Amino acid sequence: MNHELIHVRVEAEKVGVITLNRPKQLNALNDQLMNELGAALKAFDADATIGCMVITGSEKAFAAGADIAAMAGYSFADVYRDDYITRNWEQIRSIRKPVIAAVSGFALGGGCELAMMCDFIIAADNARFGQPEIKLGIIPGAGGTQRLPRAISKAKAMDLALTGRMMDAAEAERAGLVSRVVALDKLMEETLAAALMICDYSQLATMAAKESINRAFEGTLSDGIMFERRMFHALFATADQKEGMDAFVNKRKAKFKNA
Ligand code: HXC
């Protein structure tokens, strides 16, 4: 598939890596880029050889937000009629295999929101997160007002969204927005190591883990526990569960078949 604003590659024949590529605009997210990103994610999700995906940007910017120049002239009628954001920003929500955000540099506005739509964020030590939309006379519109308080508490979400200040990688890790912080020059190495680890497990189990954890954000605790329990029970119907437990008992490495 040909893409202009993203680079797509496969690492070790099993990790799908998507690099946002609008360097002059610090990877500002426009319609074309979001369409390309959605198509690439869907293609990897449908490819049985791919076990995990990574979305990354450049050293300077994961993404500095939605494209302000493109948005500047939009009217209410434009965005409401065309279903701006909902139309093509949320395809990532339908992706069933794990997606990791490898973030260096700026992850602002829609860029921070895109990172939060991924399953977890590994940040380089130069990463900076923020929701500066308030400075533009708007608010976060790609889930930031909902995912940020769930990820880092109401207090910090209010602080970021109301002041528009940026949070560095260390603060983001303390707050629970990112799962780990690594040296900038180790970002891809560490992210790919995590992705490869995920790829070696049963895809059925990694998808079930992702689906179950996402339930924690959608409903009540008892519904989430019930969902988890049924998924857990269901995995006993898989050959991979037999393989994983037999391998442990016989002190050998498991070879999962995603079946
Ligand atoms: C369009 C952008 C952009 C953006 C940067 N650029 N961010 N273009 N949309 N979001 C462009 C600049 O205009 C500039 O182009 C080039 O990228 C380099 O940016 P500089 O500002 O010169 O770089 P620097 O001084 O290093 O400052 C970096 C920065 C700053 C702090 C990230 O660019 C910045 O504040 N950007 C805007 C961040 C923002 O407000 N994001 C939220 C957007 S609203 P030229 O042509 O001059 O070289 C949003 C809505 C979300 O995301 C809700 C729905 C998704």
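Above this note sits the structure.
About the cut-offs
Residues numbered from 1 in each chain as written. Predicted model: local features only at pLDDT ≥ 70, side-chain atom pairs only at ≥ 80, totals over all residues. Heavy atoms only, no water. Pairing = 2+ DSSP bridges. Helix = DSSP H or I, 4+ residues; strand = E, 2+ residues; numbered from the N terminus. Axes fitted to C-alpha atoms, helices over the stretch in contact; angles between N-to-C directions. Expected span 1.5 Å × (residues − 1). Buried < 20%, exposed > 50% of the residue type's maximum accessible area, 1.4 Å probe, protein only. Arc of directions from axis to C-beta. Salt bridge = Lys/Arg side-chain N within 4 Å of Asp/Glu carboxyl O. Polar contact = N/O pair within 3.5 Å; in protein donor to acceptor, adjacent residues only side chain to side chain. Contact = heavy atoms within 4.5 Å. Near = heavy atom within 4 Å. Areas by Shrake-Rupley, 256 points an atom, 1.4 Å probe, with all protein chains shown as cover. Nonpolar A, V, L, I, M, F, W, Y, C, P; charged D, E, K, R; others polar.

Caption draft 1: Highlighting the sheet that holds strand β9 (residues 166-168). One open sheet accounts for 4 strands, arranged β4-β6-β8-β9; its pairing is mixed. Strands with a single pairing partner mark the edges of an open sheet, and in this sheet they are β4 (61-63) and β9. On average, each strand axis in the sheet is tilted by 20° relative to the strand beside it, whichever way the strands run. Pairing analysis gives 3 bridges linking strand β6 (residues 106-108) to strand β8 (residues 128-130), with the strands arranged parallel. Across the sheet, the residue bridging to Leu108 is Gly130, located in β8.

Caption draft 2: Spotlight on the sheet that holds strand β5 (residues 99-103). Strand order across the open sheet formed by 6 strands is β1-β2-β3-β5-β7-β10, with mixed pairing between neighbours. The open sheet has two edge strands with one neighbour each: β1 (6-11) and β10 (180-182). The mean inter-strand angle of the sheet, taken between neighbouring strand axes irrespective of direction, is 20°. As judged from the 4 bridges shared by β5 and strand β7 (residues 120-124), these two strands associate in the parallel manner. Paired with Ile100 across the strands is Phe120, a residue of β7.

Caption draft 3: Spatial organisation of helix α8 (residues 187-199). Here α8 contains 13 residues, and its C-alpha end-to-end distance of 18 Å stays within 8% of the 18 Å for a straight helix at 1.5 Å per residue. Considered for burial, the residues of α8 that qualify are Leu187, Thr191, Leu192, Ala194, Ala195, Ile198 and Cys199. Projected down its long axis, α8 carries its buried residues within an arc of 160°, all on one side. For α8, the exposed residues set more than 90 degrees away from the buried face come down to Glu189 and Met197.

Caption draft 4: Spatial organisation of the pattern of salt bridges. By the definition in use, this model includes 14 salt bridges. The partner of Glu171 in a salt bridge is Lys156, and the shortest N-O contact between them spans 2.7 Å. With a gap of 15 residues between them, Glu171 in helix α7 (residues 169-175) and Lys156 in helix α6 (residues 154-163) connect regions that are remote in the sequence. What makes Lys156 partly exposed here is its relative accessible area of 26%. The partner of Glu228 in a salt bridge is Arg229, with the nearest N and O atoms 2.8 Å apart. By relative accessible area, which is 34% here, Glu228 ends up partly exposed. For Arg229, a relative accessible area of 34% gives the class partly exposed. When salt bridges that share partners are traced, they join Lys156, Asp159, Arg165 and Glu171 into one network.

Caption draft 5: View of the side chain of Gln131. For Gln131, the position within the fold is in the loop between β8 and α5 (144-152). Owing to a relative accessible area of 1%, Gln131 belongs among the buried residues under this scheme. At 3.1 Å, the side chain of Gln131 forms a polar contact with the side chain of Glu133. In this structure, Gln131 is in contact with Gly109, Cys112, Glu113, Met116, Pro140, Gly144, Leu148, Leu160, Ala161 and Gly164, ignoring residues within four places of it in sequence.

Caption draft 6: Examining the site of the ligand more closely. Near the ligand you find 24 residues, and of these Lys60, Ala64, Ala66, Ile68 and Gly110 are the closest. For the ligand, an oxygen atom lies 2.8 Å from a polar atom in the backbone of Ala66. Protein chains shield 62% of the accessible area of the ligand, which is 1000 Å² for the free molecule. Elements with a minimum of two residues in the shell around the ligand: α2 (68-71), β6 and α4 (110-117). Tallied by class, the residues present in the shell around the ligand amount to 14 nonpolar, 5 polar and 5 charged.

Geometric descriptors of this kind do not, in isolation, establish any biological role.
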